[in-house]
Amino acid sequence: MLKASALYIVIIIALVIGLICSSLIVSAYFYRMEYQKKFRYDQLENNVCSGVNILLASEDTSYAKARIFSLFGSDADSVSLQRFPWGVYDVGISKAFIQKDTIVKVFSFANAVDSSKWAALYLEDQDRPLSLSGETSIVGNAFIPKAGVKKAYVNNKAYVGDERLVAGKKDTSQKKLPQLKKDRLLMLDGYLSKKPVNAVTDSLLKTDSIQNSFLTAARFINFGRKVQTIKNATLRGNIILFSDTTLIIDNSAVLDNVLVFAKSIIVKSTFHGTCQLFARDSIHVEPNCIFDYPSCLGVLKVTSDKRDTPIKIEISEKTIFNGLIFTYQLKEDGILPLISIGKDVKIYGQIYSQGMIKYKDDLEVNGSVFTSLFVYQSSFNLMENMLIDSKLNSRALSPYYLTSDLMSVAGKNKKILQWLEKN
Amino acid sequence: MARKKLTIQTKVNASTILEVVVSMVIIILVFGIAMMIYANVVRMSLSVKKIKAQAILQQTLLQAEQTNDRSTQSLMIDEFRIEQEIKPYGNLADIHLTAYDANQEKIAEVEKIIGNNE
């Protein structure tokens, strides 16, 4: 027997409608919440990018310490900006926050190349010509001595390259190389001469990995006067290594955006990493190493030293280097700084040698070479300002290549070099 | 032939008039509340128009950043009128974009510091 029970049916229908209504309310609530989150995220993204643009345009030291301010003077536009030098480049930190939501971007930045000063070759004018022999090519603008550039017949090899000798604009070089930026040199020298007070002697050999965010204070590791080898260790981020003597970097070590300051540095063969190495006396890179962009090898003596030890960078054969290699010494008389490049070495970037560049065979630089003197060394002889079977090509370098403001070819515009961290 | 009398075996109970009236009142009330909730949800939730305007503004911002055009101007994109205002911000530029609908009502706005692209 069926019951009429209209009230029961109504209650069931009311329950169903109630369920539908509550699910509608809940879904609307979550949709709104998610949209507001996206809206806030878009706003934060705009603010953090505004911060990045402000940092790229800043030229003074006003952001040396983190500065928090409102971008447009309204509620939801607070940013915290900071920039500090990181070797030959700079690091910027842009943070935007609304209530508890924060977006952070940490990046390194550098200068765009000034095309008017950029050259495949800048050879200091020492009143002698540059001679080319074999399959030599110079592609791009070149600043050469007044005596000019000429073909030469050496080691039974005649010049067989482009008839123009320089495939680009030729200009006359000065008696001195364009100067490096003093502030940056002094900053680098400061790290080489004085260790930070909070530098700790770390028993790095016991740890296998150290990673330090650029959002925290830099981690200084001082090896002191003991010759140390970094091996089986991964060092990543905001880490600066110091040594008063020789520091050996083994091929089992992984260095990622790390700075190293030492009296002398030896990089073992088949090492692969991205790092900036600065030494007082010498850097020796063993064969088959790969340095990724942006790396730097720099040997500098900004203060005049009583001991007249020659400064030297030696890059052994089959090494691939991406970045900047430079030597600098305040004292201009005495033994010239030396950059020695082995056979089949490929360099993508810049070489600045305030002295000699000594090479053996097949010098290949995709970028720019600034030097006082070339020295070619074969088994039989040593020749000055002679390019044999060498390739200097400024056009082969990536158009996105950025240089340090240490270099005279640095343009005014700063651009992002690398995203280091972001959330 | 004798006429057969049709008889229904199942007995159906009818609801009383009071039961029916009460159920009707309840169902009307429940439906009324449900409609109110639905209307509120629809009214409170963000309109597709606002979301679209926001996306158009982001797109316009990106384009303005990439081009050298740093002038205050008014653009028509879809059904929206976009007002682009550029103010100097140190050696940079402050770009402020506002989207208005057909009724000249402000729908969305974005602001950003961009390079001068000199």
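Note that the coordinates shown come from a computational prediction; the quantities given were computed from them, not determined experimentally.

How should I be thinking about the interface of chain A and chain B in this particular structure?
With 27 residues of chain A at the interface, the matching set in chain B holds 31 residues. Residues of the side of chain A that touches chain B, tallied by class, amount to 21 nonpolar, three polar and three charged.

Can you help me understand the confidence of the model for chain B in this one?
Parts of the prediction with low pLDDT should not have their coordinates interpreted in detail. Residue and element names in this part refer to chain B. When pLDDT is averaged across chain B, the result is 84; 88% of the residues are at 70 or more. Here helix α1 (residues 17-44) stands out as the least confident element of chain B, with mean pLDDT 87; strand β3 (residues 92-100) is the most confident, with 92. Scored by ipTM, the complex comes to 0.77, with pTM at 0.86.

Got a minute to help me understand the domain arrangement of chain B in this structure?
Interface size, as often reported, equals the accessible area lost upon joining of the parts. Each assigned domain of chain B is listed here: domain 1 (15-45) and domain 2 (48-114). Once you take the C-alpha centre of each, domain 1 of chain B and domain 2 of chain B turn out to be 45 Å apart.

I tried to follow α1 of chain B on my own but got confused; where do I start?
Quick reminder: α-helices carry 3.6 residues per turn. Residues three or four places apart thus point the same way. Along its 28 residues, α1 of chain B runs 40 Å from first to last C-alpha, staying within 8% of the 40 Å computed at 1.5 Å per residue. Counting buried positions along α1 of chain B yields one of 28 residues, so the element is predominantly exposed.

So what exactly am I meant to see when it comes to helix α2 (residues 182-193) of chain A here?
Residues and elements named next belong to chain A. Here α2 is twelve residues long and its end C-alpha atoms lie 16 Å apart, about the 16 Å a rise of 1.5 Å per residue gives. Of all the positions in α2, only L185, L188 and L192 are classed as buried. Taken end-on, α2 shows its buried residues confined to a sector of 70°, consistent with a single buried face. Residues of α2 that are exposed and angled more than 90 degrees away from the buried face: D183, L186 and S193. Where the residues of α2 are buried, they touch β17 (254-267), β18 (272-285), β19 (290-301) and β21 (320-329).

Can you walk me through the sheet that holds strand β4 (residues 106-114) of chain B in this structure?
Backbone hydrogen bonds are what pair the strands of a sheet, in a parallel or an antiparallel way. A sheet is described by the order of its strands in space; here four strands give the open sequence β1-β2-β3-β4 (chain B), paired in antiparallel fashion. Looking at which strands have only one partner, the edges of the open sheet turn out to be β1 (73-77) and β4 of chain B. The mean inter-strand angle of the sheet, taken between neighbouring strand axes irrespective of direction, is 20°. Together, β3 and β4 of chain B form the strand contacts of helix α1 (residues 6-57) of chain A, whose direction differs from that of β4 of chain B by roughly 25°. Relative to β4 of chain B, helix α2 (residues 48-66) of chain B is tilted by about 25°, and along the sheet it contacts β1, β2 (80-89), β3 and β4 of chain B.

Please clarify how the pairing of strand β24 (residues 364-377) of chain A should be interpreted in this entry.
A regular strand places its side chains so that they alternate between the two faces of the sheet. All names here are of chain A. Counting buried residues along β24, ten of its 14 residues qualify, which places the element largely inside the surrounding structure. One ladder, built from three bridges, connects strand β5 (residues 121-123) with β24; its direction is parallel. Across the sheet, Y122 pairs through a bridge with F370, a residue of β24. Pairing of strand β23 (residues 346-359) with β24 involves twelve bridges; the strand directions are parallel. In the sheet register, K346 faces β24, and the bridge partner there is E364. Pairing of β24 with strand β27 (residues 391-393) involves two bridges; the strand directions are parallel. In the sheet register, V365 faces β27, and the bridge partner there is L392. Sheet topology places β24 next to strand β25 (residues 382-384); three bridges connect them, and they run antiparallel. Across the sheet, residue V375 finds its bridge partner in β25, namely E384. Linking β24 back to β25 in an antiparallel pair, the connection comprises four residues.

How should I be thinking about unusual backbone geometry in this particular structure?
One can expect most non-glycine residues to show negative phi and most peptide bonds to be in trans. Cis geometry is adopted by the peptide bond preceding P294 of chain A, which originates at Y293 of chain A and carries an omega value of 0°. Among the secondary structure elements, P294 of chain A is positioned in strand β19. Look at D78 of chain B: it is not a glycine, yet its phi comes out positive at around 50°. Residues other than glycine seldom take positive phi values, yet Q104 of chain B does so here, at roughly 60°.

Help me understand the nonpolar core, please; the structure alone is not making it clear to me.
Nonpolar side chains in soluble globular proteins generally cluster together in the buried interior. Residues and elements named next belong to chain A. Formed by 125 residues in total, the largest nonpolar core has its most connected members in L121, L241, V260, I265, L277 and I351. Looking at this core element by element, the count peaks at eight residues for β17. Not counting chain neighbours up to four residues away, the residues in contact with I265 comprise L247, I249, V260, L277, A279 and I283.

I would appreciate a short explanation of the domain arrangement of chain A in the present structure.
Residues and elements named next belong to chain A. Segmentation of chain A into domains returns domain 1 (6-112) and domain 2 (121-407). Domain 1 and domain 2 are separated by 42 Å when their C-alpha centres are compared. Each partner contributes residues to the interface: domain 1 has twelve residues there, and domain 2 has 14 residues. Listed by contribution, the elements that provide at least two residues to the side of domain 1 that touches domain 2 are β2 (78-86), β3 (89-98) and β4 (101-113). It is β4 that contributes the most residues to the side of domain 1 that touches domain 2, five residues altogether. Split into classes, the residues belonging to the side of domain 1 that touches domain 2 amount to ten nonpolar, two polar and no charged.

Rules behind the numbers
Residues numbered from 1 in each chain as written. Chains lettered and ligands numbered in written order. Predicted model: local features only at pLDDT ≥ 70, side-chain atom pairs only at ≥ 80, totals over all residues. Contact = placed C-beta atoms within 7 Å. Nonpolar A, V, L, I, M, F, W, Y, C, P; charged D, E, K, R; others polar. pLDDT = per-residue confidence, 0-100. Helix = DSSP H or I, 4+ residues; strand = E, 2+ residues; numbered from the N terminus. Domains from an automatic or database assignment. Expected span 1.5 Å × (residues − 1). Buried ≥ 20, exposed ≤ 12 C-beta atoms within 10 Å, placed from the backbone. Arc of directions from axis to C-beta. Pairing = 2+ DSSP bridges. Axes fitted to C-alpha atoms, helices over the stretch in contact; angles between N-to-C directions. Core = buried A, V, L, I, M, F, W, Y, C linked by C-beta atoms within 7 Å.

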